Amino acid sequence: MASALQGILSTPSARRVCEQSLEQGAGNAGNRLQSCQISVRSSHLSSAACLSGRSKLFLAASTPSLTRNSRPGLRILAAAGSKKLGNRKLRVAVIGGGPAGGCAAETLAKNGIETFLIERKMDNAKPCGGAIPLCMVGEFDLPLDIIDRKVTKMKMISPSNVAVDVGKTLNENEYIGMVRREVLDSYLRERAASFGANLVNGLFLRMEMPSDANAPYVLHYNLYKPGSSVGVPATLEVDAVIGADGANSRVAKDIDAGDYDYAIAFQERIKIPDDKMVYYENLAEMYVGDDVSPDFYGWVFPKCDHVAVGTGTVINKPAIKKYQVATRHRARDKIAGGKIIRVEAHPIPEHPRPRRVRDRVALVGDAAGYVTKCSGEGIYFAAKSGRMCAEAIVEGSEKGVRMINEADLRSYLQKWDTKYWPTYKVLDILQKVFYRSNPAREAFVELCADEYVQKMTFDSYLYKTVVPGNPLDDIKLAVNTIGSLIRANALRKEARKAVLT
Ligand SMILES: Cc1cc2nc3c(=O)[nH]c(=O)nc-3n(C[C@H](O)[C@H](O)[C@H](O)COP(=O)(O)OP(=O)(O)OC[C@H]3O[C@@H](n4cnc5c(N)ncnc54)[C@H](O)[C@@H]3O)c2cc1C
């Protein structure tokens, strides 16, 4: 939901500043990503050197824009002329049936690939706020009846409890969708099955790596037969694997993808009295302050018949319960009389893993580390990355008739990084600037009152595009932002002095 914040830095002028800092490799995440790109390059070369069975590899110099947004040096375009599979189709296993896995499996199955979607728990209710941007409804052709609520108003609440209403600029057809994950995930899996994907209720355990470029991966998993909770050991041979198995990905471990920093998110589902629920009918709240989180935000999101109250942190995970109590306390009048019906916690990745592709295995969604910093938004990016990875496999295999290789999967990474790296970077910078102290958070909430900020914010969140802004408003916004930050700085210094004296 705090993707809402993105608009502040998504104005064309602000993005230019961010792109400059991207080029300079500013910030930790940038450095991490850079080092990941170096390993990516070297594994390009090693994979190119050891590939067999491919007749051609295309090497091309990077364009300047790729140098900025993706990786420097040579890039490999998808290979052509790989081994034809004869009278069978390419077999791909997708591990994990969340939004990433469901969307990957659908695209594969639709395009003639023999697809296996392995999910350990078919009625899994992933701990999640369930907020999705409007563009996801259209882009993924989601039926409106899976959207429980349409959020059209948001309150941003500062450390001193100043509340700013956001959402005034939305038109009558615009909203943030609130879904139940068990409903969304199951819908996407069933849709993949309707296109021919084989749904397997199983717990993936490990895989044996292929002995050569055309040999299969042998997957070991526990198969759950209908009505039984006891898994039966089973194996499956496939040509490629998509790891969509979330933040604790076993596929990532198997390909030695490396770790990422993570936030812990804690959430309580609270059933509140009907008259209190009226207030949250189409409204979400976002609380910022040292009390609710030192580096994230607390939220109250409306769900189908209850509210989800939660918070998260990277830097002080042992204190997460204290932050949760503070979030509940801040919303106390509005949720009074509520009954906690479920408590849940889950890691949220902070940045992409050092390795996301290895040979014929690719990671997508949380397994790859595609949650935006600062906001914790990951559903859309999971679905999108699953689809983009599957599209690369469809293209590289010519709809399932040829074997694929690492270069085909790397074309997915290249497109992903080019399209979304600036978005991740903007949110990273935003978090560093506005979440660092209570005065900075006060300044941030103050800025959110600006209608131009709200318009840019919602446009960039709802549509995942940067809408050209009005240059005059851009300048006004820049001046306001600088003014707010100067005030925040002065306040921070005063607060420090007060503590010292
Ligand atoms: C508390 C909280 C609130 C959040 N709120 C929001 C929000 O409001 N909006 C938003 O956009 N994002 C939100 N996120 C982030 C979002 O939940 C994730 O980014 C998103 O679920 C990622 O989707 P995925 O398909 O990659 O992984 P997941 O949704 O984690 O799906 C992985 C699937 O793989 C299955 N699986 C795992 N291991 C195995 C195995 N070994 N074998 C077989 N199957 C396996 C799991 O059962 C699961 O179904 C939130 C996260 C948290 C923790």
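Everything that follows concerns the structure shown earlier in this document.
Definitions and cut-offs
- Numbers given to residues run from 1 along each chain, matching the order in which its sequence is written.
- Residue-level local features of this predicted model are given only where pLDDT is at least 70; pairs of side-chain atoms are given and counted only at 80 or more, and the full residue set underlies all totals for whole chains, interfaces and linings.
- Excluded from the side-chain calculation are hydrogens and water; included are all heavy atoms of the structure.
- By definition, two strands form a pair when at least two bridges between them are found by DSSP.
- Numbering of helices and strands starts at the N terminus; helices are DSSP runs of H or I of at least 4 residues and strands are runs of E of at least 2.
- Angular values range over 0 to 180 degrees, each being the angle between N-to-C directions of two axes fitted as lines to C-alpha atoms, with helices fitted over their stretch in contact.
- In what follows, a contact means two residues having at least one pair of non-hydrogen atoms within 4.5 Å.
- Note on angle classes: values under 35 degrees are labelled roughly parallel, values over 145 roughly antiparallel, values of 65 to 115 roughly perpendicular, and the remainder oblique.
- Less than a right angle of anticlockwise turn of the near helix away from the far helix marks a crossing as left-handed, whereas a clockwise turn marks it as right-handed.
- When residues are sorted by character, Ala, Val, Leu, Ile, Met, Phe, Trp, Tyr, Cys and Pro go into the nonpolar class, Asp, Glu, Lys and Arg into the charged class, and all the rest, Gly among them, into the polar class.
- Side-chain rings of Phe, Tyr and Trp (the six-membered ring for Trp) are treated as a pair once their centres are within 6.5 Å; stacked means planes under 30 degrees apart, edge-to-face means over 60, and tilted covers the remaining angles.
- Working definition: with a 1.4 Å probe on protein chains only, accessible area under 20% of the residue-type maximum means buried, over 50% means exposed, and in between means partly exposed.
- Ring-over charges, as used throughout, are those where CZ of Arg or NZ of Lys falls within 6 Å of the ring centre and within 35 degrees of the ring normal.

Student: Is there a simple way to explain the sheet that holds strand β15 (residues 283-287) in this structure?
Tutor: Sheets are built from strands that pair by backbone hydrogen bonding, the pairs being arranged parallel or antiparallel. With mixed pairing, 7 strands are arranged side by side in an open sheet as β8-β7-β15-β16-β17-β14-β18. Of all the strands in the sheet, just β8 (163-166) and β18 (339-349) have a single pairing partner and so form its edges. Taken over all neighbouring pairs, the strand axes of this sheet differ in orientation by 20 degrees on average, direction set aside. Both strand β16 (residues 298-302) and strand β17 (residues 307-313) contribute to a ladder of 4 bridges, which runs antiparallel. Paired with V300 across the two strands is V309, which belongs to β17. Sheet strands in contact with helix α15 (residues 438-448) are β7 (153-157), β8 and β15, and its direction is about 150 degrees off that of β7.

Student: Would you mind showing me how to read the packing of helix α13 (residues 379-396) against helix α14 (residues 406-434) here?
Tutor: The relative placement of two packed helices is expressed as an angle between their axes plus a distance between the axes. Two elements in contact, α13 and α14, have axes separated by 7 Å at closest approach and are oriented at 150 degrees. The orientation of α13 with respect to α14, classified from their angle, is roughly antiparallel. As α13 packs across α14, the resulting crossing turns out to be right-handed. For the pair formed by α13 and α14, the contact residues are Y380, F381, K384, S385, M388, C389, A392, I393, E395 and G396 on the first element and D408, L409, S411, Y412, K415, W416, K419, Y420, T423 and Y424 on the second. Broken down by class, the residue content of the contact of α13 with α14 amounts to 11 nonpolar, 4 polar and 5 charged.

Student: Just checking my understanding: could you explain the packing of aromatic side chains for this structure?
Tutor: Ring pairs (aromatic) are described by centroid distance and by the angle formed between their planes. Taken as a whole and judged by the stated rule, the model has 12 aromatic pairs. Ring plane angle 90 degrees and centroid distance 6.2 Å describe the contact between F140 and Y380, whose orientation is recorded as edge-to-face. Taken together, the residues span a long stretch of sequence, with F140 in the loop between α6 (134-139) and β6 (147-151) and Y380 in helix α13 at a distance of 240 residues. Pairing F434 with F444 gives two aromatic rings, centres 5.3 Å apart and planes at 45 degrees, and the pair type is tilted. With F434 in helix α14 and F444 in helix α15, the pair connects residues that are 10 residues apart, well separated along the chain. Each member of the pair F434 and F444 is classed as buried. Each residue in the set F140, Y370, Y380, F381, W416, Y420 and Y424 is aromatic and connected to the rest through ring pairs, giving one cluster. In this structure, K110 is placed above the aromatic ring of F195, and the distance from its NZ or CZ to the ring centre is 5.0 Å. A cation over a ring is seen here: K150 above Y175, with NZ or CZ 4.7 Å from the ring centre.

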